[in-house]
Amino acid sequence: MPMTTEMLEPDPQGYARAVALLSQGNLVAFPTETVYGLGGDACNDVAVARIFDAKGRPRFNPLIVHVPSIEEAKSLVHWSDAADILASAFWPGPLTLVLPLKEGHGLSPLVTAELESLAIRLPANPVAQTLLRAFGGPVAAPSANPSGKISPTTAAHVAQGLDGRIAGILDGGACDVGLESTIIGLTDTPTLLRPGGLPAEAAAHALGAPLAAHIGDGTLTAPGQMASHYAPGAAMRLNAEERRSGEVLLGFGAVECDLNLSAAGDLVEAAAALFGHLHKLDNSGAQIIAVSPIPETGLGLAINDRLRRAAAPR
Ligand code: TXA
Ligand code: MG
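Criteria and cut-off values
- Residues numbered from 1 in each chain as written.
- Chains lettered and ligands numbered in written order.
- Predicted model: local features only at pLDDT ≥ 70, side-chain atom pairs only at ≥ 80, totals over all residues.
- Heavy atoms only, no water.
- Helix = DSSP H or I, 4+ residues; strand = E, 2+ residues; numbered from the N terminus.
- Rg over C-alpha atoms; globule rule 2.2 N^0.38 Å.
- Buried < 20%, exposed > 50% of the residue type's maximum accessible area, 1.4 Å probe, protein only.
- Contact = heavy atoms within 4.5 Å.
- Areas by Shrake-Rupley, 256 points an atom, 1.4 Å probe, with all protein chains shown as cover.
- Lys, Arg positive; Asp, Glu negative; His and termini not counted.
- Charge placed at Lys NZ, Arg CZ, Asp CG, Glu CD.
- Core = buried A, V, L, I, M, F, W, Y, C linked by side-chain atoms within 4.5 Å.
- Pairing = 2+ DSSP bridges.
- pLDDT = per-residue confidence, 0-100.

Chemist: A description of the overall build of the protein should follow, citing residues and the corresponding values.
Modeler: Across its full length, the protein carries 10 helices and 15 strands. Here the C-alpha atoms of the protein give a radius of gyration of 19 Å, agreeing with the 20 Å that 2.2 N^0.38 yields for 314 residues. Each principal axis of the C-alpha atoms in the protein carries an extent, and together these give about 60 × 50 × 35 Å. Considering the protein as a whole, with its 314 residues, one finds that 55% of them fall into the buried category. Intrachain contacts of the protein at a sequence separation of at least 6 include 68% that bridge at least 24 residues. Total accessible area on the protein stands at roughly 12900 Å², and carbon and sulfur atoms take up 54% of it. If the 20 positive side-chain charges of the protein are averaged to one point and the 31 negative ones to another, these points end up 5 Å apart.

Below, the structure is given as structure tokens:
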């Protein structure tokens, strides 16, 4: 049965309501600097199950847990030197670390899909930080979009996908980074599990060694690792040098196009605009979205990763 989704402002009443909803096991979407997260109490099985249900996620993939401080992270996972280096350099920020779970962590087993490791992140967005501090416990949050659809970078995107399926949306405006966090596995050699909002080169530079590449072995079919993901209703054509008839062109750099990710060719600006522009072109009823070539450097890696998944056969 559809519920009424409350739109909450980031003011004292809004935070108090969001905390009350989370404490009752309900779901509240909230902004992070990467994308909006669909938050639920990470220690409450029902809340976590509701996350999968609201998203229509086909299976129980492990979720990222959000905490307000490094101390809180250390209470949930076994910390390491590499974690220290990366957290000191990039937390709070668009970086998720996968570390071995500690005994007595108290998290719902659904959060980790019963893995022995936990994906954990300290977001920089001030609204996220205020909410996490006010709630006082770990919050599990995947991106706040129906499974397989474009990730949300505004409260309106969240409402478009999940209105009537979640209890509340905390509106903190548009996300700065606009791409999901970079995920680095630290249970073994530091490994890039998902390119994202923090350029992998920056992490490698801080560690003083290149990151190992993740080889999917099929045991963990993560949504972010599924071939078709972030899919708009329209078909997609990548590396398009020009607009063909019947297409809209999502441009990059100095090109004539319908919407431009960054006329200046700036990858940070492009990352921030990516999902919002895809939403807009998709909502315009376009049949085919063509996309200019994006360089495979810095945030371009993550942008191209999302575009390839959006374009993959469904
Ligand atoms: O920026 C982000 O990371 C956003 C915001 C809301 O924080 N969250 C997000 O969550 O993108 P989600 O659920 O869409 O993606 C989480 C990814 C999945 O690919 C999942 O498989 C992986 O993290 N993951 C979670 N726990 C893991 C673990 N223990 N080991 C390896 N991968 C894990
Ligand atoms: Mg997602």
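Text resumes after the structure shown.
Chemist: Describe the nonpolar core, and please don't skip the residues or the numbers.
Modeler: By size, the foremost hydrophobic cluster in this structure holds 48 residues, and its most contacted members are L38, L86, L97, L118 and I166. Among the elements of the structure, helix 2 (45-55), helix 4 (81-90), strand 5 (95-100), helix 5 (109-112), strand 6 (117-121), helix 7 (155-162) and helix 8 (200-207) are those that each provide at least two residues to this core. Counting residues in each nonpolar core, the second largest holds 26 residues, with L261, A270, A286 and A310 among its members.

Chemist: Just give me the short version of the pairing of strand 3 (residues 37-41), but keep the residues and values in it.
Modeler: With 5 of 5 residues buried, strand 3 is to be regarded as a mostly interior element. Side-chain alternation along strand 3 places G37, G39 and D41 on one buried face and L38 and G40 on a second face that is also buried. As paired strands, strand 2 (residues 28-30) and strand 3 are joined by 3 bridges and run antiparallel to one another. Each residue of the ladder has a partner; that of V28, found in strand 3, is G39. In textbook terms, the turn of a hairpin is the stretch between consecutive antiparallel strands, and for strand 2 and strand 3 this stretch comprises 6 residues. Here strand 3 pairs with strand 7 (residues 139-140) via 2 bridges, running antiparallel. Residue pairing in the sheet places D41 in a bridge with V139 of strand 7.

Chemist: Describe the pairing of strand 6, and please don't skip the residues or the numbers.
Modeler: Burial analysis of strand 6 places 5 of its 5 residues in the buried class, which makes it a mostly covered element. Residues S117, A119 and R121 of strand 6 are buried on one face, and the alternating residues L118 and I120, pointing to the opposite face, are buried as well. Bridge count between strand 4 (residues 64-66) and strand 6: 3 bridges; the pairing is parallel. Counted as the bridge partner of V65 is I120 from strand 6. The sheet contact formed by strand 5 and strand 6 spans 5 bridges and is antiparallel. In the sheet register, P100 faces strand 6, and the bridge partner there is S117.

Chemist: Just give me the short version of the confidence of the model for the protein, but keep the residues and values in it.
Modeler: With 94% of its residues at a pLDDT of at least 70, the protein reaches an overall mean of 92. Long-range and interchain partners of residues 217-224, a stretch whose pLDDT sits below 50, account for 14 contacts in this model, where long-range means more than four residues apart.

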